[in-house]
Amino acid sequence: MTTKTDAQAVGIGRTGVPDLDDVAGHWVDADEIAHLPSLRNQQGQAHVNHDLTSLSWLAAPPFTFGYHTGELRVDGQVPAAQRFLWKPWGVLREHRREDGLLLTTDTRMALSRDLLLWRIEITNGSREARTVELAQDLFAMVAHSEVGYGWLYDGPWNHGMHHDFMALERVRATTGGGEPHYLLSPAPRRLRLGKPRIPGIQRDEDHGPMLLDDALPAHVSHDKEPEPRAGVAGAVRGLRVAGADGAVILRAADEPIALTPDGETGLDTFALSPGLTIDFELRLDTAGQSGTVLTHGNHPDSLQIGVDNGRLRLGITGERESTDAELPVGDWHHVRVDVEADRVVLSLAGSEIARTRHWTESRRWESRIEDGTVAFADSRSPAHAVYAFAGPPGELRAEGAGGRARWNCRIEPGGSVSIGIACAYGTDADAVSAQARTAAEDFEATTRAGEEGWRRLWGSMFTPGNPDFSGHLPTFTTEDTGLARTYYMGALQALYLRNTRVRPGEPVFLTGGPRLGPTTTYFWDHCEWSRLYALLEPAGLRSWLLRVLAGPYRDSFGVENLGGGPLGNAYSSTDYALFRLIEHYVCVSGDFAFLDETTGGTTVLGHLERLGLGWRERRSPATGGVLADFGDDPWQLLECVPTYTGVVASFNGAYVASTRSLAGLYRRLGRTEEADRTEAEAGQLDAALRDLYAGSGRWRILRPDGTDTIGHCLDFGLVAAALHRELPDGVRQEMADFVTDRLLVGSWMRALSPDDPIAAASDRPDHGAAGAFAAWPGVTAHGLARLGYRDRATALLRDLSCAASGGLWGQAMEIVTGPDGLHRARVAERGTATRDNIAGAAGAEAVLSALFDFNPTFATGGTTGVPATLSVEGVGTLTQLGPVA
């Protein structure tokens, strides 16, 4: 492992809490970054794009924005951002032209406000005066909705509200002079006749591979009625698909294919491409019916032909074009679809009856000029938005769904000009207009207030009795700037993911985004910073736990905090995650009375026992009958390792730890017999788990049909944490060496050893061999320290900040090879990885747990024995740690 120290980290931690500017990001060139920076303001989130000004994926529930907010043109061209600088309060983008013109933009979401801010600055670095034309496109495809905020949350499209991850990413890719076309997915998809499948499911076939490159699971909230999904009564014949060159791609049998409202006929797969045509004849058997005739794939952006009240309709990528072409019942009608890069045309009997349009020509939103501002209104919701300007444009116009502001700027040699733009949004048109105008009139003060607000929150995080959090974090003082940077960046990760609006009066911490989950918390990700959480926001954690335990947590992976409902499929990690969160809340806060609270029909203690002893109901005679068998669905475990099913070491190790902890709690409660029995059960689990050890740091997997051996960091981390006292010295050595030799690389790590036989089928940069999830270095460092290798844990934690791509850690950190031939890690974008992830705080958590041995459990008691100041030679000092009131 190579140790690196960012030059900007020098000095951090020597005098306690560092300045926020020193903890936050640094400039990163565009060719070094995969996942572009995000914006957050404690109530919403957004992504910057490849150009200098536009934003996408803007969600501040109950508001969401579609498409993007508009690009900046300079002398008629759209400059691409050449480098980025992320700060919690905003993102700088920069482009330097060869003629000496420097373009710098500062894009912000005003702290705790429904307000966007842009500063555009142009500096003339040449020796001659320059006249520069600036033109800023203005779009505000904003919608208001109180429902639909799942992990795949609803966003506004021309014809409605839904989540279309792949299509919006294609729209983003057009910015900054990128790929000009967004309409067509390049992925092969199956053509189906009849009833459509639910958009978003991953399997195009019932038993096909479950991939993330072109589709997502249907992890949507349950508070919105799904669209009706039905076919039609009728028939199709003579179906033919041909490419641009006329070559036939697909031809169905000549005889009619019957269509029924509940039926489905699957045909071959192909990709849409410019020049492709689809011809068929359609017969409807009943008048006035509505349903789907044909679908290319089962994704939100799929090409679809259907009928509404007997009239043909066309849909693709957020567009839905209805027609007046009512089809007489019983007759055959020739239908043709012509596919081009920027449009799809629907024809009936040789005559065009509908065509899609570019998203900028949307008919859903209307713009108009109002006294020097551009105002927008959504025709499908009460949402409004207004752009106002600090530095009036020379020309301002509204056109359809958008607008454009234009300035002609003369800049002397060495001089610069600056323009400010504010965009407010809300449901009260007058209030929105007033907010935008006020922000523009006092632009500098407005931007300064947001930055000062972030600094105040940062200071409060480490101040006992502060007004912003119900607790605080300890201050870490150290001469080791790498460790200090890891700790304080982890704390900032938690602050950055905090949201104070989705649950009024109860601050919550979101899992990720911005492309996903503006109201979502995953249980597993949350537990990876549970000690910090209990220290920083004990009242919020208490409230959140009561809500979660009242719901069907065993059948979901998380909670949608706005509506409060469960989300997603069952996760095998849930028992471990929620047990740890309850344990750390109670043991850190000292609130043992919490165990007697009733929620979800039983006490918290009852839930805790169900979670901690969950192995009892998971045992299977087919796999030995002692350890927990997690079943045959890999999507309930690691989501990418097909063989990681059945009896695995990781969560069985977690059950050993939770069972022992419960035994300690029973003793505390005076339930001695239960304590003895539970301790004995933990011993049986311990022994059976050690039998899974395969040597060389790897562990066996047991399934009814056989066994596999795997080298994954999750097995290492959870087994080391639970069995560090019981494992023989030789096994400890082999486990630690396996991590050092096979997993650690480029100031980061791989989740799965690259020499594993399954590695080629597990090419995800969070759980596979291509990189590692944000939490895994912290989990691994904790395991190394528990096994007695604190020096290796320290070295691992020291390096983590180098992998953050100029910001904070993302869901997946992929290993890449630089021009110098050395490995490094960066925040991954491929697949559906999120730019931000709360689990990145696990590095800071490991500083406490691995290096300072801050590991409160029910077996060891609470924090009553923890001093207010804790020092470790060679590491540093924690102050204001405990006891916690």
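Please refer to the structure higher up on the page.
To start, this report covers the structure provided alongside it. On a predicted model such as this, the values are computed, not experimentally measured, just so you know.

Rules of the game
- Residues numbered from 1 in each chain as written.
- Predicted model: local features only at pLDDT ≥ 70, side-chain atom pairs only at ≥ 80, totals over all residues.
- Heavy atoms only, no water.
- Helix = DSSP H or I, 4+ residues; strand = E, 2+ residues; numbered from the N terminus.
- Rg over C-alpha atoms; globule rule 2.2 N^0.38 Å.
- Buried < 20%, exposed > 50% of the residue type's maximum accessible area, 1.4 Å probe, protein only.
- Contact = heavy atoms within 4.5 Å.
- Areas by Shrake-Rupley, 256 points an atom, 1.4 Å probe, with all protein chains shown as cover.
- Lys, Arg positive; Asp, Glu negative; His and termini not counted.
- Charge placed at Lys NZ, Arg CZ, Asp CG, Glu CD.
- Pairing = 2+ DSSP bridges.
- Axes fitted to C-alpha atoms, helices over the stretch in contact; angles between N-to-C directions.
- Salt bridge = Lys/Arg side-chain N within 4 Å of Asp/Glu carboxyl O.
- Expected span 1.5 Å × (residues − 1).
- Arc of directions from axis to C-beta.
- Core = buried A, V, L, I, M, F, W, Y, C linked by side-chain atoms within 4.5 Å.
- Nonpolar A, V, L, I, M, F, W, Y, C, P; charged D, E, K, R; others polar.
- Phe/Tyr/Trp six-rings, centres within 6.5 Å; stacked < 30°, edge-to-face > 60°.
- Lys NZ or Arg CZ within 6 Å of the ring centre and 35° of its normal.

Here the focus is the overall build of the protein chain. When you go through the protein chain residue by residue, the secondary structure sums to 17 helices and 53 strands. Its C-alpha atoms give the protein chain a radius of gyration of 29 Å, near enough to 29 Å, the size a compact globule of 885 residues would have. Each of the three principal axes of the protein chain carries a C-alpha extent, and together these read 80 × 75 × 55 Å. Residues counted as buried form 63% of the 885 residues belonging to the protein chain. Sequence-distant contacts in the protein chain: of pairs separated by 6 or more residues, those separated by 24 or more amount to 68%. When the accessible surface of the protein chain is summed, it comes to about 30400 Å², and 47% of that surface belongs to carbon and sulfur atoms. Averaging the positions of the 83 positive and the 115 negative side-chain charges in the protein chain gives two centres separated by 1 Å.

In this section: the sheet that holds strand S44 (residues 698-703). With antiparallel pairing, three strands are arranged side by side in an open sheet as S43-S44-S45. Each of the sheet's edge strands pairs with one partner strand only, and the pair in question is strand S43 (693-695) and strand S45 (706-710). Strand-to-strand twist across the sheet, computed as the mean angle between neighbouring axes with direction ignored, equals 35 degrees. Bridge count between S43 and S44: two bridges; the pairing is antiparallel.

Next up on the list: the pattern of salt bridges. What the rule picks out here adds up to 71 salt bridges. The partner of Glu814 in a salt bridge is Arg830, with the nearest N and O atoms 3.1 Å apart. In this pair, Glu814 is assigned in strand S49 (residues 812-817) and Arg830 in the loop between strand S50 (823-827) and strand S51 (836-837), connecting sequence segments 16 residues apart. In this structure Arg830 comes out as partly exposed when scored by relative accessible area, which is 36%. Several salt bridges converge on common partners, so that one network encompasses Asp19, Asp21, Lys87, Asp106, Arg108, Arg119, Glu444, Glu451 and Arg455.

Okay, helix H12 (residues 672-690) next. Compared with an ideal rise of 1.5 Å per residue, which puts 19 residues at 27 Å, H12 spans 27 Å between its outermost C-alpha atoms and is within 8% of the ideal. Residues Ala675, Thr678, Glu681, Ala682, Leu685, Asp686, Ala688 and Leu689 constitute the buried set of H12. Looking straight down H12, one finds its buried side chains confined to an arc of 165 degrees; they lie on one side. Turned more than 90 degrees away from the buried face of H12, the exposed residues are Glu673 and Gln684. Buried residues along H12 sit in contact with helix H11 (649-668), S43, S44 and helix H13 (713-723).

Attention now moves to the nonpolar core. Across soluble globular proteins, nonpolar side chains show a tendency to be buried alongside one another. By size, the foremost hydrophobic cluster in this structure holds 261 residues, and its most contacted members are Leu239 and Trp776. Apart from the residues within four sequence positions on either side, Leu239 is in contact with Leu191, Leu193, Leu250, Arg251, Ala252, Leu267, Asp279, Phe280 and Leu294. Membership of the second largest hydrophobic core comes to 14 residues, among which are Ala110, Ala375, Ala388 and Ala424.

It is worth spelling out the pairing of strand S33 (residues 416-426) at this point. In terms of burial, S33 is largely enclosed, as eight of its 11 residues are buried. Examined bridge by bridge, strand S10 (residues 115-124) and S33 share nine bridges and lie antiparallel to one another. Residue Leu116 lies in a different strand from S33, and its bridge partner there is Cys423. Two strands pair when backbone bridges link them, and strand S30 (residues 384-390) and S33 are joined in this way by seven bridges, in the antiparallel orientation. Bridge pairing links Tyr387 to Cys423 in S33.

Angle between the axes and distance between the axes are the two parameters that describe a pair of packed helices. Viewed as axis vectors pointing N to C, helix H10 (residues 604-612) and H11 meet at an angle of 145 degrees, and their least axial separation amounts to 9 Å. Across the interface between the two elements, Leu605, Leu608, Glu609, Leu611 and Gly612 of H10 pack against Tyr655, Ser658, Thr659, Leu662, Leu665 and Tyr666 of H11. Split into classes, the residues belonging to the contact of H10 with H11 amount to seven nonpolar, three polar and one charged.

Look at helix H8 (residues 538-549): 16 Å from first C-alpha to last across 12 residues, which is about the 16 Å you get at 1.5 Å a residue. Of the positions making up H8, those classed as buried are Pro538, Gly540, Leu541, Trp544, Leu545, Arg547, Val548 and Leu549.

This paragraph deals with the packing of aromatic side chains. The full count for this structure, using the stated rule, is 37 aromatic pairs. Here Phe579 and Phe858 contribute two aromatic rings whose centre-to-centre distance is 6.4 Å and whose plane-to-plane angle is 85 degrees, an arrangement assigned as edge-to-face. In this pair, Phe579 sits in helix H9 (residues 574-589) while Phe858 sits in the loop between helix H17 (842-851) and strand S52 (869-872), placing the two residues 279 residues apart along the sequence. Both residues of the pair, Phe579 and Phe858, belong to the buried class. The interplanar angle of 65 degrees and the centroid separation of 5.0 Å between the aromatic rings of Tyr693 and Trp699 together place this pair among those described as edge-to-face. As far as burial versus exposure is concerned, Tyr693 and Trp699 are alike and both buried. Every member of this aromatic cluster is reached through a ring pair, and the members are Trp151, Tyr522, Trp524, Phe557, Tyr571, Tyr576, Phe630, Phe651, Tyr655, Phe773 and Trp776. In this arrangement the basic side chain of Arg40 is found over the ring face of Tyr496, its NZ or CZ atom lying 5.7 Å from the centre. Of note, Arg237 hangs over the ring of Trp332, and the distance from its end group to the ring centre comes to 4.1 Å.

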